[in-house]
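Inside the fold
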Amino acid sequence: MSAEFEVTITDKDMFRFNLYHAYHGFQGIIATLVGIWVLAMAGLTFGQVGMGYTVLYIFLGILFLVYVPGNLYLRSKKQVASSDVLRNALHYKIDDTGVHVSQGGQTADLEWKQIYKMVSTKNQLLIYSSRLNAYIIPKEAIGEQYQSVLGLAISHLEGFRLKMNPFDAQ
């Protein structure tokens, strides 16, 4: 069993990956909670403190909730625009030996035992080679082969390395 497909990463794909990575960690969760808390404090203390403090609370709340996604969006656009590897199509082959990626005359192989984890989001399949680095594969590029990829991942990865939903194929 194997699956082969071509992937061209867009700035939208990179943004989704960066957003997932930022908000599924401790720092992203805390930033969101602080932003909500500061906005709640603006509402709760309205009329009890000076208008300057209320405006400051609102500004800080919006900053916490908007700055991170805005910054990630700009960084994602820059990453894709400045990388020849990301702008050109990558050929993926996933089989019983692992994940094989090629572009031009160069290839990279990632054996199943080297995969840190495999995560399925609403729009992407993320194959992590370390805690921070991942192959970003839009699900629309995999298409009908998602179930094959899922089957290979289930048969080669331990359960704690696998975060994929068998029902979310596109």
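See the structure above.
The sections below set out a description of the structure shown in this document. Bear in mind the structure is a predicted one, so any value in this text is a computation, not a measurement.

1. Some words on a nonpolar patch on the surface
A surface patch of nonpolar side chains, amounting to about 540 Å² of accessible area, comprises I36, L39, I58, I62, F64, L65 and V66. Per element, the largest residue contribution to the nonpolar patch is 5 residues, and it comes from helix α3 (residues 51-82). Inspection of the secondary structure puts I58 in helix α3. When its relative accessible area of 37% is taken as the criterion, I58 is described as partly exposed.

2. Observations concerning helix α2 (residues 26-44)
Between its first and last C-alpha, α2 extends 26 Å over 19 residues, near the 27 Å set by a 1.5 Å rise per residue. Those residues of α2 that sit buried are G28, A31, G35, V38 and A42. Buried positions in α2, seen along its axis, are confined to an arc of 95° and lie on one side of it. Every exposed residue of α2 that faces more than 90 degrees away from the buried side is listed here: F26, L33, W37, G43 and L44. For α2, the elements touching its buried residues are α1 (11-23) and α3.

Reading the values: the criteria
Residues numbered from 1 in each chain as written. Predicted model: local features only at pLDDT ≥ 70, side-chain atom pairs only at ≥ 80, totals over all residues. Heavy atoms only, no water. Patch = residues over 30% accessible without salt bridge, like charges linked within 9 Å, V, L, I, M, F, W, Y side chains within 5 Å. Areas by Shrake-Rupley, 256 points an atom, 1.4 Å probe, with all protein chains shown as cover. Salt bridge = Lys/Arg side-chain N within 4 Å of Asp/Glu carboxyl O. Helix = DSSP H or I, 4+ residues; strand = E, 2+ residues; numbered from the N terminus. Buried < 20%, exposed > 50% of the residue type's maximum accessible area, 1.4 Å probe, protein only. Expected span 1.5 Å × (residues − 1). Arc of directions from axis to C-beta. Contact = heavy atoms within 4.5 Å.

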